[in-house]
Amino acid sequence: MGRKNRPRQRSRGLFWQGWGAGYSEIIKENKLFEHYYTELKIVPEGEFEEFMQAMREPLPATMRITGYKSRQEAVSMIPPLLMKIEPQHKILDMCAAPGSKTAQLIEMLHSDMDIPFPEGFVIANDVDNKRCYLLVHQAKRLNSPCIMVVNHDASSIPRLYFDQDGKKDILFYDRILCDVPCSGDGTMRKNIDVWKKWTTSNSLQLHGLQIRIAVRGVEQLAVGGRMVYSTCSLNPIEDEAVIAALLEKSEGALELADASADLPGLKYMPGITSWKVMTKEGQWFSDWSEVLKSRHTQIRPTMFPPTDPEKLASMKLERCMRILPHHQNTGGFFVAVLVKKAPMPWNRRYPKELQMGECPADAPVEAVEGESPAEGNPSVPDTPDLLEVKKDDVCGPPPPKKMKLFGFKEDPFVFLTEDDPIFPPVQAFYDLSPDFPKLNVLTRTREGKKRNLYMVSKELRNVLLNNSERMKVINTGVKIWSRNTDGEQFGCAFRLAQEGVYTLCPYIRARILNISVEDVKVLLTQENPFLSKLGDDAHNQAKKLGMGSIVLRYLPDPKDLNAPQCPIDLCGWRGKTSIRAFVPRNERLHYLRMLGVEVFRDKQGKRNDGSTEIPEGNVLAGCQTQLMPLYPNIPKTVNMESINREKVYLKYV
């Protein structure tokens, strides 16, 4: 029976009440929700019952084959795809946690597998200190030297600087993802407590914050750049109203882009140009003039569509995209793509030569991108006089607000100098190529022995060195070496780290052991196999290598199509009579599955007799389905067809 012909049912769900209380039943009905969206007419005529039925059904789980496994809601993958990321782009993710979209951005930045250090980078921000560490956990899975996690209020994220051609300049981003906090009524299929909590007051309270975040985003966007604004809400107060307010404030500096051709096959509804505002008590207002003064603190003029028909038509709000759950069995989502055509009208300041002295009354005002009346909090962007005149007749920009750092104090980020005594033994042991970027290596301590060495891209180093006092950095860089005291007797105190092996390998010219598919299986299923367990070729190579850290490298054979057709680099240790792979458990399981080896995870793969069962299976060939760091290529979406504790069966869409 099709969804349209099914009888309407009262769907139920379970809601956890707390320890000892058990689960209470949630009925998936909200009369105010139905009344509100019926009146707004965001759903095509005759489809509302189908829309509501889809909202009551559980959301199908989706997976995206990436650098590592994610579970991610299908429509939430859309915003990064609309950003048109290129390897040289400087990207800001304003509200990044928990990090699934950030992971997509990193993968797109590394789309060219032959470039270990793209010129671009991703700065991922979140206001919540604890969620920043979740963001770090997600980003670390991709092992990129081009990601930095920072902790700031997105509505006042500080303006950053960098050195360009010997002078300090303002950093503007080529791409910005503005996935703002929202009421989340598009997520009812997976967050069933929204049914119980939904009210229009959620949207009314978030509207102002959403505008402030979006305004700060376009301030930091480069001219010609793209900003994608998105929410998992269907409410026009959080969607079209924010976009309309942003376009009106920009005075032509921003333009809504037509992104319909960027995702062929995607079913969506165009943005609406007419909507009303409703209070949580059910009172409707069609225009700001109807709102009582007692409601002015709750309802703002920017929540209504523009009253001027010409201005409304010029905004082209129909270019916004609203995704409805029943059209392709997804969650609800809203997305809009903004292109910056010119500097924002309130970004003005006096010429530099006048900033330190007296300013004549008729001093010219120079339009310079990046300066705002309140350091990124343009609550009064319409004020023509953007400069503060002091009592002593000296004028200049308003004093910047003092940044408040909160949460845990992070360890410092200390870059090594080119003549640091660490480098000579490391360079000699691994025979690093002359173009190895020593200046991009950093540590997290100023004193004592350096335990770990990390690497960032040249561009992120530039940002870090010029903004250490302006921003709170939670994490950056990929670990490339770890201190190993046993290694000192072999000439090098630092062993390779698996998470940085793909970043470091282009510069390593020694300590490389070429291995076969069978060698990989042995190294990943046995803890410390004897050298004799390797194939003849690998065994002969190993006998010529001294003890210490090594790279275990598998290179694909184009003639053997049953073997993986992508290179694999593993960190290892050549012992006296044995060899070991230093690979984390999750990666180990992944590589084995790539090779057609399924390790049953019940009791860590051990059978009752204590042995390990490793049945042979079909080999996954090709790079498109690899879960390898820095090998993202084209993201694919798959439906999770069935799951149990031992196996996951995937079906491609």
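Residues numbered from 1 in each chain as written. Predicted model: local features only at pLDDT ≥ 70, side-chain atom pairs only at ≥ 80, totals over all residues. Heavy atoms only, no water.

**Q** Any chance you could break down the UniProt feature "binding site: S-adenosyl-L-methionine" (unreviewed entry) in the chain for me, citing the residues and the numbers?
**A** Taking the UniProt record as the reference, the feature "binding site: S-adenosyl-L-methionine" (unreviewed entry) is found at Cys-95, Ala-96, Ala-97, Pro-98, Gly-99, Ser-100, Lys-101, Asp-126, Asp-153 and Asp-179. Looking at where Lys-101 falls in the secondary structure, it is placed in helix H4 (residues 100-109). Classification of Lys-101 as buried rests on a relative accessible area of 12%. Within the structure, the side chain of Asp-153 is placed 2.9 Å from the side chain of Ser-155, a separation counted as a polar contact. (UniProt positions renumbered as here; feature names shortened; annotations may be inferred. Helix = DSSP H or I, 4+ residues; strand = E, 2+ residues; numbered from the N terminus. Buried < 20%, exposed > 50% of the residue type's maximum accessible area, 1.4 Å probe, protein only. Polar contact = N/O pair within 3.5 Å; in protein donor to acceptor, adjacent residues only side chain to side chain.)

**Q** I'd like to hear about helix H15 (residues 517-525), residue by residue, with values.
**A** The buried count for H15 comes to seven of nine residues, which makes it a mostly enclosed element. Every buried residue of H15 is listed here: Val-517, Asp-519, Val-520, Lys-521, Val-522, Leu-523 and Leu-524. Buried residues along H15 sit in contact with strand S27 (512-515), helix H16 (536-544), strand S28 (548-554), strand S29 (568-574), strand S30 (579-581) and helix H17 (585-594). (Contact = heavy atoms within 4.5 Å.)

**Q** Describe the sheet that holds S28, and please don't skip the residues or the numbers.
**A** Here we have four strands laid out as an open sheet, ordered S27-S28-S29-S30, and mixed in their pairing. Every other strand in the sheet has two partners, leaving S27 and S30 as the edge strands with one partner each. Taken pair by pair, the neighbouring strands of this sheet meet at an average axis angle of 35 degrees, ignoring direction. Bridge count for S28 against S29 is seven bridges, and the pairing is antiparallel. Bridging across to S29, Arg-553 finds its partner in Asp-569. (Pairing = 2+ DSSP bridges. Axes fitted to C-alpha atoms, helices over the stretch in contact; angles between N-to-C directions.)

**Q** Which residues make up the sheet that holds strand S23 (residues 452-455), and what are the values?
**A** If you trace the five strands from one edge of the open sheet to the other, you get S21-S22-S23-S25-S26, paired in antiparallel fashion. Sheet topology places strand S21 (414-415) and strand S26 (494-496) at the edges, where each strand pairs with a single neighbour. With two bridges joining them, strand S22 (residues 441-443) and S23 adopt antiparallel strand pairing. Within the sheet, the bridge partner assigned to Val-441 lies in S23 and is Met-455.

**Q** Describe in detail the pairing of S23, supporting the description with residues and values.
**A** Of the two faces of S23, the one holding Asn-452 and Tyr-454 and the one holding Leu-453 and Met-455 are both buried throughout. Here S23 pairs with strand S25 (residues 478-483) via four bridges, running antiparallel. Looking across to S25, one finds that Tyr-454 is bridged to Lys-479.

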